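Take a look at the letters that make up each chain.
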Amino acid sequence: MTVVASKVSLQHRRVIPFDTDWLFTKGNYAGAKNPGFDDSRWRRLDVPHDWSIEEAFDPEMEHGGSHAYLPRWTVAWYRKKFTLDEADQARRIVIEFDGVHNNSEVWINGHYLGSRPYGYVPFQYDLTPYLHRDGENVLSVKVDNTVMPPDRWYSGSGIYRHVRLLSTDPVQVAQWGTYITTPQVSEASAKVVIRTNVRNGYAEAKACTVTTEIVDADGAVVGRGESKAVVPGGETAESAQEIRVETPKRWSPEQPSLYHAYTTVAVDGQVTDDYITPLGIREIRFDSREGFFVNGVGTKLKGVCIHHDLGCLGAAYNDRAMERRLAVLKEMGCNAVRFAHNPMTAELLDLCDRMGFLVVDEAFDKWKSLYYAELFDEWWQADLEAMLLRDRNHPSIFLWSVGNEVEQQGQDSMLEMLDLLVKHCHTVDPTRPVTCALEPHNWPMSLRSGTVEEKVAHTRKLAERVDILGLNYQEQWYEQYREAMPDTLILGTETFPFYRGKGSRVKGYEPVNPWFDVVKHDYVIGQFVWAGIDYLGESAYPSKGWSSGLIDTCGFRKPVSYLQESLWSEEPMVQIAVFDDTLEQGHTPQWTKHWMSPPMASHWTFPHYEGRLLRLVTFTNCESVELVVGDESYEEKRLADHPDRLMVWHLPYAPGRVKAVGRIGGRIVCTHELVTAGEARQLTLQADRTRLAADGIDLAHVEVIVTDEQGVPVPGAKHAISFSLEGEGTILGVDNGDLNSDEPYKANARSAYHGRCLVVVQAGKQAGTLRLTASAEGLEAAAVTIVCE
Ligand code: GAL
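Labelled according to an unreviewed UniProt entry, the protein chain appears under the name Glycoside hydrolase family 2 sugar binding protein, originating from Paenibacillus mucilaginosus 3016. Within the UniProt record for the protein chain, the comment given under Sequence similarities (unreviewed entry) is "Belongs to the glycosyl hydrolase 2 family."

What follows is the structure, given as structure tokens:
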């Protein structure tokens, strides 16, 4: 639920942030559910918190590959003590967790509230009957991570998302109780339909008036609706309104204009509750011949898949860390993300609404494997509903996904289950289509070597049950699929970053970017690159993560990301990269090779290649590129001669400078220059922001670069760099993007990798100045000042 929307604020409902001052310990203390339990020696901390990211890597860890070798096998407890404000004493008090990993159980004052095994969904408990109105209350949360690893990737451990307390009058908007749709949208006007579920906590019926105001980004009310409902005692009732908004500012990935719906519930003229719902006025349309449209504009999904971890912050959610990552994706022309393979925190959807990303919101990975296997039948409906009900008002979401690479694809029991899940999505939200990402790896063995016709017939059984055929790595069969299913739209729910799919992880590959299959066919609505960002988990020691991302765990762009930008972006760009076989890459077992791109580096310091011929590539969307070596023009190439977008050049390496000049219509529109670095002499710091909110949450990401005297980055530098921070703030994490490193993420030191590393600084809760100093032996130190206000 969006609790704070610019220009709209709650006056009646109190949403009390509940993140600070928790007590934490690892270990199982059965008595910790009791209020009187002695927790005086427990650690005091704020959530979101991930205890695994604080651990040392353990190469011997059981199932360590799925969890970055960061131990998780324990029970841990969190406790929080609180008293109720005078104003909340007679109200309904609910605790809301955005997600706890994993297998949580919650008690208030020793009273058991319930459990939630799936770590990715939000849940609430009503505390009202068990609270001490004028004394201390103790909330106890047990997290049990001793069970099988829940995921193939790094999940993190603990209360890793936000917590809040909701204080409301007994007559209120029910949990996730608004559902807003925009069934008619044009440039001239929009019809907005609002359904509000009102909950009456009293024993007797209440006659309620529900009012909704549609508020634009400047705070102006642009539409208003009112309706009545008589809500029987102890029940909920729906009240619907239709509001017309004239000349709406429509939401699109290019112009993500937002509104908010401000709802009030009143009884006998007295407002009892208010509620804010995100609203984007937009029309999405799927046409089986022409593809996908946003507000009537044909739109291809230029997407990436992301997992939830934030590199050195682990799974502990931080909005700014996520925003920075999305901004890097946006810079390369990305307009869509697929949440792999679970519901994310609601703040991430707020970011996608605000920044203009179209979202595939996905409920599950496999249905019946790993830890969830035994829980699926009991929990799928509640978990799926938690995602659908919480998320369905976000304009960014264009597609639901009920699963990824579900086992036993195509078998009767799987098909029945698929029917159930899809139907459930349609019931809760009839406005969006549903998919399920399919991959040949989950086919029966016999089919893998079968004919294309057999494969198509098999996939057809699944395609008939979903609205959009989501295919992982199957570009080579798109045409056959479509021929057999002429009304079916196809989406590349996963594609390799560099190579075209061969439909099997063990076969070869061809260096044709999967994007070409998207542009070639109107019925292919987009692609989602696996992966947008390197993530922790799914690896084999010494690697701690998966390294096929377009950007690394620090958020630094890799050379291959510029290939994607050249394909996706309309902004003129050119970038030089050099194929360098000597480059260390992440740990890449043979079966993962297709996901990787050839080793490339974007610099001009190759002492080991002196006098030898280098193979260089320029990525561009310009008509032509001229390569200038030193001051001499070397050669000019036309993009039209390189339909694969791989403009390759061969030239002898000599230290100096090399520049790529991009031209459109003969005019220079962009350049990219690389200069040979001299000896490493100094450290250079680049902070993404030097002014932070003094809220104990906000972040500055400081890139630490080893440079020569002139400030040119030294790509081979591996110096051990240490950091000190003066002032009220914290070094929240350090990273250098090297997934093979054993250096801890929570530290005050990091070695440079490819000449750089990252320090994440968190503001304290007091206004003041922070000064981060970086030093390394043999290099001139550097410092940056960050103001917290
Ligand atoms: C896909 C799978 C992803 C990830 C990727 C890399 O098949 O859907 O979750 O595992 O392979 O191995």
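Bringing the UniProt feature "domain: Glycoside hydrolase family 2 catalytic" (unreviewed entry) in the protein chain into the picture now. The UniProt record marks residues 291-481 with the feature "domain: Glycoside hydrolase family 2 catalytic" (unreviewed entry), using the residue numbering of this structure. Along residues 291-481 one finds 40% helix and 20% strand; the C-alpha atoms at either end are 16 Å apart.

A separate point is the packing of aromatic side chains. The full count for this structure, using the stated rule, is 35 aromatic pairs. Measuring from centroid to centroid gives 5.1 Å for Phe 496 and Trp 595, while their planes differ by 90°, and the two rings are edge-to-face. Of this pair, Phe 496 sits in the loop between β27 (489-495) and α8 (515-520) while Trp 595 sits in the loop between β31 (574-579) and β32 (600-601), and the two are 99 residues apart along the sequence. Given the relative accessible area of 3%, Phe 496 is considered buried. Look at Trp 595 and you get buried, because its relative accessible area is 3%. Taken together, a centroid distance of 5.1 Å and an interplanar angle of 70° make the contact between Trp 604 and Tyr 653 edge-to-face. Remark: Tyr 653 occurs in the loop between β36 (647-652) and β37 (657-664) and Trp 604 occurs in the loop between β32 and β33 (613-620); sequence separation between them is 49 residues. Of the aromatic side chains, those joined through ring pairs into one cluster are Phe 18, Trp 22, Phe 24, Trp 51, Tyr 78 and Phe 82. The cationic tip of Arg 615 hangs over the ring face of Phe 579; the distance from NZ or CZ to the ring centre is 4.0 Å.

For the rest of this paragraph, the subject is the pairing of β27. β27 sits mainly inside the fold: seven of its seven residues count as buried. Across five bridges, strand β26 (residues 468-472) lies against β27 in parallel orientation. Opposite Ile 468, over in β27, you have Leu 489 as the bridge partner. Chirality of the crossover, the property in question, places the unit of β26, helix α7 (residues 478-484) and β27 among those that are right-handed. Here four bridges tie β27 to strand β28 (residues 524-529), and the two strands are oriented parallel to one another. Looking at the pairing, Thr 495 lines up with Val 529 of β28.

Okay, unusual backbone geometry next. With omega at 20°, the peptide bond leading from His 101 into Asn 102 counts as cis. Structurally, the position occupied by Asn 102 is in the loop between β5 (92-97) and β6 (104-108). At the junction of Trp 530 and Ala 531, the peptide bond is cis and its omega measures out at 5° in the coordinates. Relative to the elements of secondary structure, Ala 531 occurs in the loop between β28 and β29 (535-536). Unusually for a residue other than glycine, His 63 sits at a positive phi of about 55°. With respect to the helices, strands and loops of the structure, His 63 is situated in the loop between β3 (43-45) and β4 (75-82). The backbone of Glu 538 sits at a positive phi, close to 45°, despite the residue not being glycine.

Once the domains are mapped, the protein chain shows domain 1 (20-161), domain 2 (171-279), domain 3 (287-538), domain 4 (571-602 + 604-675) and domain 5 (682-788). Taken over C-alpha atoms, the centre of domain 2 sits 46 Å from the centre of domain 5.

A separate point is the packing of helix α1 (residues 319-331) against helix α2 (residues 346-355). The interhelical angle for the contact between α1 and α2, taken along N-to-C directions, is 35°, at an axis separation of 10 Å. Judged by the sense of rotation from one axis to the other, the crossing of α1 with α2 is right-handed. Counted together, Asp 319, Met 322, Glu 323, Leu 326, Ala 327 and Lys 330 of α1 and Glu 347, Leu 348, Leu 351, Cys 352, Arg 354 and Met 355 of α2 form the full contact between these two elements. Looking at the contact of α1 with α2, its residues break down into seven nonpolar, no polar and five charged.

All right, on to the sheet that holds β31 then. Strand order in the open sheet formed by four strands is β32-β31-β33-β36, and the pairing between neighbours is antiparallel. The strands lining the two open edges of the sheet, one partner per strand, are β32 and β36. Bridge count for β31 against β33 is five bridges, and the pairing is antiparallel. If you follow Val 578 over to β33, its bridge partner there is Leu 616. Sitting on the sheet, helix α9 (residues 559-568) is in contact with β31, β32 and β33, with an inclination near 40° to β33.

Further remarks concern the UniProt feature "domain: Glycoside hydrolase family" (unreviewed entry) in the protein chain. Cross-referencing UniProt, the feature "domain: Glycoside hydrolase family" (unreviewed entry) maps to residues 683-785 in the present numbering. Here residues 683-785 is 0% helix and 51% strand, with 15 Å between the C-alpha atoms at its ends.

It is worth spelling out the nonpolar core at this point. The nonpolar side chains of a soluble globular protein tend to be buried with one another. Ranked by size, the top nonpolar core spans 144 residues in total, and within it Leu 329, Val 337, Phe 364 and Trp 367 carry the most contacts. In this structure, Phe 364 is in contact with Tyr 118, His 341, Tyr 372, Phe 376, Trp 380, Asp 383, Leu 384, Val 402, Gly 403, Asn 404 and Leu 421, ignoring residues within four places of it in sequence. Grouped together as the second largest cluster of nonpolar side chains are 31 residues, Ala 677, Ala 700, Val 714 and Leu 770 included.

The next thing to look at is the environment of Tyr 154. Tracing the sequence through the fold places Tyr 154 in the loop between β9 (137-144) and β10 (163-168). Accessibility expressed as a relative area gives 0% for Tyr 154, which makes it buried. Between the C-alpha atoms of Tyr 154 and Cys 305, which are 151 residues apart in sequence, the distance is 15 Å.

Quick look at the pairing of strand β11 (residues 171-185) now. For β11, the buried fraction is high: 12 of the 15 residues fall into the buried class. One ladder, built from nine bridges, connects β11 with strand β12 (residues 189-200); its direction is antiparallel. Residue pairing in the sheet places Gln 184 in a bridge with Lys 191 of β12.

Turning next to α1. The terminal C-alpha atoms of α1 lie 18 Å apart, and with 13 residues this matches the ideal 18 Å at 1.5 Å per residue to within 8%. Within α1, the full set of buried residues consists of Arg 320, Ala 321, Met 322, Glu 323, Arg 324, Arg 325, Leu 326, Val 328 and Leu 329. Residues of α1 that are buried sit in contact with β21 (301-306), β22 (336-339), α2, β41 (699-707) and β45 (756-763). Measuring from the side-chain oxygen of the N-cap residue of α1 to the backbone nitrogen of Arg 320 gives 3.0 Å; that N-cap residue is Asn 318. Looking one or two residues beyond α1, the residue adopting positive phi is Gly 333, at roughly 90°.

Reading guide: rules and limits
What you see as residue numbers is a count from 1 along each chain, following the sequence as written. Residue-level local features of this predicted model are given only where pLDDT is at least 70; pairs of side-chain atoms are given and counted only at 80 or more, and the full residue set underlies all totals for whole chains, interfaces and linings. Each side-chain value is worked out from all heavy atoms of the structure, with water and hydrogens disregarded. UniProt positions are given in the numbering used here, feature names are shortened, and annotations may be inferred rather than shown by experiment. Labels follow the DSSP assignment, with helices taken as runs of H or I lasting at least four residues and strands as runs of E lasting at least two, numbered in each case from the N terminus. Aromatic contacts are taken between Phe, Tyr and Trp rings whose centres are within 6.5 Å, Trp giving its six-membered ring; a plane angle under 30 degrees counts as stacked, one over 60 as edge-to-face, and the others as tilted. Exposure classes here rest on a 1.4 Å probe applied to the protein chains alone. A residue is buried below 20% of its type maximum, exposed above 50%, and partly exposed in between. Our definition puts a charge over a ring when NZ of Lys or CZ of Arg is within 6 Å of the ring centre and also within 35 degrees of the ring normal. Only strands joined by at least two bridges in the DSSP assignment are considered to pair. By the criterion used throughout, a crossover qualifies as right-handed when its path from the first strand across the helix to the second strand runs clockwise, the strands pointing away from the viewer. Delimitation of the domains relies on an automatic or database domain assignment. Lines fitted to the C-alpha atoms define the axes, with helices restricted to the stretch that makes contact. Angles between their N-to-C directions range from 0 to 180 degrees. Crossing chirality is assigned from the near helix's rotation relative to the far helix, an anticlockwise turn below a right angle marking it left-handed and a clockwise turn marking it right-handed. A contact between two residues is defined here by any heavy atoms of the two lying within 4.5 Å. Under this grouping Gly is polar, as are all residues other than the nonpolar Ala, Val, Leu, Ile, Met, Phe, Trp, Tyr, Cys and Pro and the charged Asp, Glu, Lys and Arg. The set of buried Ala, Val, Leu, Ile, Met, Phe, Trp, Tyr and Cys residues whose side-chain atoms join them within 4.5 Å is what this entry labels a nonpolar core. Helix span, expected: 1.5 Å multiplied by one less than the number of residues in the helix. Pairs of N or O atoms are called polar contacts if they sit within 3.5 Å, as long as, within protein, a hydrogen donor faces a hydrogen acceptor (for residues adjacent in sequence, only side-chain-to-side-chain pairs).

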